[in-house]
Amino acid sequence: MLKQIRCDKFNNKIINFHTGLNVVLGDNKATNSIGKSTLLMIIDFIFGGNSYITKNNDVVDNIGHHSFNFELEFDNEKFYFIRNTENHLTLSVCDKNYNKIKDISLDEYKIFLAKKYDNEFLGNSFRSVVGNYSRIWGKDNYDVEKPLKQQNSNSESAIINIIKLFNKYKSIESLEKQMRVIEDKKKTINKAVSNELIPSITKVQYNKNLSELENLDKKIDKIKNEMVDINLDINAIMSEEVLELKNQKSSLLLKRNHIANKIKRLETNLNSDDIKINSKMEKLVEFFPNINKNKLIEINDFHKNMSTTLKKSLKDEKENLENYLKILDDDIRLIDSSIAEKTKLKSVPQYGIERLTDLLTKQNNLKQMNEYYEKKQKNLDELNIIKESLKEIKSKVISEITKSINIEMYNYFSDIYNDIRKSPTFSMDLQTYNLKRYNDRGTGSSYINLITFDLAIFKLTKLPFLIHDSILFKNIQVLAFDNLVNIYKSFERQTFIAIDEINKFSKDTIVSLENSKVVALDEQHTLFNKNWKLDS
């Protein structure tokens, strides 16, 4: 729990806190800009938030960068830290006199808080989960119909956060990890297809391949039976080495055809006539008497020079390609020799060997294509199964959480109003959520609904603290607020509220608020020792 905050910029240099309800008290004139919301934002900052930096930049602008020395206590053990506005992503771990021992990152500090508040299961999500329940002016997280809404968050992440807070996320997380692994496999397969490392194949092609494989099996069996009659070593032809050599030959033949076609195109370009305009010069002059003949001759000479240079380049390229073609032919001959050597079939007609190896190569390629398709389909099937399981588990968990929240809201709502008015209901599914109001849609009643929701969460989970700013209490009925204070007081965990104009409440409530106050602020005694709102 938070025990103390020290700051040399405060009017009260030290502010002490206690278990249960902690009240930041304003005056009975409801004076603004005295520091009520700012102190709540500082408490949020002490608990690892960043809104004090992003939303209260006017403080730094007017009093400069400043530090907060603060004390926390867990299981009777005290911890001391310093966090400042200039380097807010780093905290100093200190001794009781605030002498620095070491620096830690903000992430390390949040993990420390999660562990000490028995929310270790939240891990790095600690702030994104608990920060929502610091409802302070400026944080824009007090939408009365969207109680999980935070800045830069979407509904899906908000729903996951509340599942985490109820410590129901482990089973979901396990399935999500499996899903990520399978999705990574899917991405790998798709990338390999896009890079043409493995073939792209549809279900239609897969079925077509199955039919073709059946025909190939028959043809191969027929040739094998014929070759048995001449004592042909079938196993040699069907060996992996021979099939690999055949694949290499097919690849080389494709390259050879590509190079040969390129050479033909170069020969066509080399045999084409130079650009000539002399024969058409007279006609041009006839139609355009003022045409610049010297300029045309100059252009023609330029084209001739370009053509000569280009043809030299084309000849060089043709020569290089012809040399490469010779290398490919040599490689193909070597492969043919290797195949003949490995199969030891020199006495057998070459056609039989070629026919069988072609069929076996095609069979092997089709099998590989279908294997890729089967792997891909297996991957998709696994992904769909996990998605369905995940959907089912999430739905069950969400239903349980929603039911428990609504029961607690009903109980708190009855305690606050002591009448038969209908309590709000919270609905949530896999993608959306909503806090529904009934009949009374006034500002005070709307904020009571939001407060009731938070109190239900606070009771049902290990949420470490609750912060409610005075904006939530405006226009609330006096009796309702009296009852609300008693509910805040019922918790041993710390709640922090800001409130003013307390004279309108019952004597017991006034006494409770006075006894629970950590600081009283008014126009003469503001939070900071400089009131720039007045100075300006």
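Provided above is the structure to which this section pertains.
The rules behind the values
- Residues numbered from 1 in each chain as written.
- Predicted model: local features only at pLDDT ≥ 70, side-chain atom pairs only at ≥ 80, totals over all residues.
- Heavy atoms only, no water.
- 1 Å grid on protein atoms, 1.4 Å probe; cavity = no way out; pocket = protein on both sides within 12 Å on 5 of 7 lines; lining within 4 Å.
- Points joined across faces, edges and corners; volume = space filled by probe spheres on them.
- Helix = DSSP H or I, 4+ residues; strand = E, 2+ residues; numbered from the N terminus.
- Phe/Tyr/Trp six-rings, centres within 6.5 Å; stacked < 30°, edge-to-face > 60°.
- Buried < 20%, exposed > 50% of the residue type's maximum accessible area, 1.4 Å probe, protein only.
- Lys NZ or Arg CZ within 6 Å of the ring centre and 35° of its normal.
- Nonpolar A, V, L, I, M, F, W, Y, C, P; charged D, E, K, R; others polar.
- Contact = heavy atoms within 4.5 Å.
- Polar contact = N/O pair within 3.5 Å; in protein donor to acceptor, adjacent residues only side chain to side chain.
- Pairing = 2+ DSSP bridges.
- Axes fitted to C-alpha atoms, helices over the stretch in contact; angles between N-to-C directions.
- Salt bridge = Lys/Arg side-chain N within 4 Å of Asp/Glu carboxyl O.

Caption draft 1: Here's a closer look at empty space enclosed by the protein. Considering all chains together, one arrives at 3 cavities of 30 Å³ or more under this definition. In this structure, the largest cavity encloses a volume near 50 Å³. Along its surface, the largest cavity is lined by S128, V129, N132, Y133, L148, Q150, A158, N161 and I162. Per element, the largest residue contribution to the lining of the largest cavity is 3 residues, and it comes from helix α6 (residues 155–165).

Caption draft 2: Inspection of the packing of aromatic side chains at higher detail. Enumeration according to the criterion identifies 28 aromatic pairs in this entry. Residues F45 and Y52 carry aromatic rings whose centres are separated by 5.4 Å and whose planes lie at 50 degrees to one another, so their mutual orientation is tilted. The pair F45 / Y52 is uniform in exposure class, with both members buried. Plain terms: the ring middles of F426 and F453 are 4.9 Å apart, the flat faces sit at 55 degrees to each other, and that makes the pair tilted. Taken together, the positions of F426 in strand β9 (residues 425–428) and F453 in helix α14 (residues 443–460) put the pair 27 residues apart, joining distant regions of the chain. In this structure an aromatic cluster arises from ring pairing among F17, F47, F70, F74, F79, F81, Y109, F112, Y117, F465 and F496. If you follow R83 out to its NZ or CZ, it ends over the ring of F45, 3.8 Å from the centre. Here the basic side chain of K164 rests over the ring of Y169, its NZ or CZ set 5.1 Å away from the ring centre.

Caption draft 3: How the structure looks around the layout of surface pockets. Here the largest pocket defines a volume of roughly 560 Å³. Lining the largest pocket are 24 residues, and of these S33, I34, S37, T38 and W137 sit closest to its centre. Here the element with the most residues in the lining of the largest pocket is helix α1 (residues 36–46); it accounts for 3 residues. Along the lines of polarity and charge, the residues of the lining of the largest pocket split into 6 nonpolar, 10 polar and 8 charged. The volume enclosed by the second largest pocket comes to roughly 450 Å³. Around the second largest pocket, the lining comprises 21 residues; the ones closest to its centre are N50, S51, K139, Q150 and Q151. When residues in the lining of the second largest pocket are grouped by element, the largest group, 3 residues, is from helix α2 (residues 51–55). Residue composition of the lining of the second largest pocket, by class: 1 nonpolar, 15 polar and 5 charged.

Caption draft 4: Seen up close, the environment of N50. Among the secondary structure elements, N50 is positioned in the loop between α1 and α2. Here the alpha-carbon distance between N50 and R127, two residues 77 residues apart in the chain, equals 9.7 Å. In this view, N50 contacts R83, H88 and L106; residues no more than four positions away in its chain are not counted. Here the side chain of N50 touches R83 through a polar contact of 2.7 Å, side chain to side chain.

Caption draft 5: The arrangement of the sheet that holds strand β1 (residues 2–6) in detail. The strand order across the open sheet built from 6 strands is β2-β1-β4-β5-β6-β7, with neighbouring strands paired in antiparallel fashion. Looking at which strands have only one partner, the edges of the open sheet turn out to be β2 (14–16) and β7 (100–105). Adjacent strand axes in the sheet meet at a mean angle of 25 degrees, parallel and antiparallel pairs treated alike. Of the pairings in the sheet, the one linking strand β4 (residues 67–74) to strand β5 (residues 77–84) comprises 8 bridges and is antiparallel in character. For E73, the partnering residue across the bridge sits in β5 and is K78. Docked against the sheet, α1 engages β1, β2, β4 and β5, running at close to 115 degrees with respect to β1. Sheet strands in contact with helix α4 (residues 106–116) are β4, β5, β6 (90–94) and β7, and its direction is about 95 degrees off that of β7.

Caption draft 6: Broad picture of α4. If you check which residues of α4 are buried, you get L106, Y109, K110, F112, L113 and A114. Contacts made by the buried residues of α4 are with α1, β4, β5, β6, β7 and α5 (126–130). Count one or two residues on from α4 and you reach D118, which has phi positive near 60 degrees.

Caption draft 7: Representation of the pattern of salt bridges in the model. Scanning the entire structure with this criterion turns up 20 salt bridges. Notably, a salt bridge pairs K362 with E212, separated by 2.6 Å at the nearest N-O pair. Here the residue K362 occupies a position in helix α13 (residues 350–417), and E212 occupies one in helix α8 (residues 203–228), the gap between them amounting to 150 residues. By relative accessible area, E212 is classed as partly exposed at 22%. Residue R256 is joined to D329 by a salt bridge in which the shortest nitrogen-to-oxygen separation is 2.4 Å. With R256 in helix α10 (residues 240–271) and D329 in helix α12 (residues 293–343), the pair connects residues that are 73 residues apart, well separated along the chain.

Geometric values such as these leave the question of function open.
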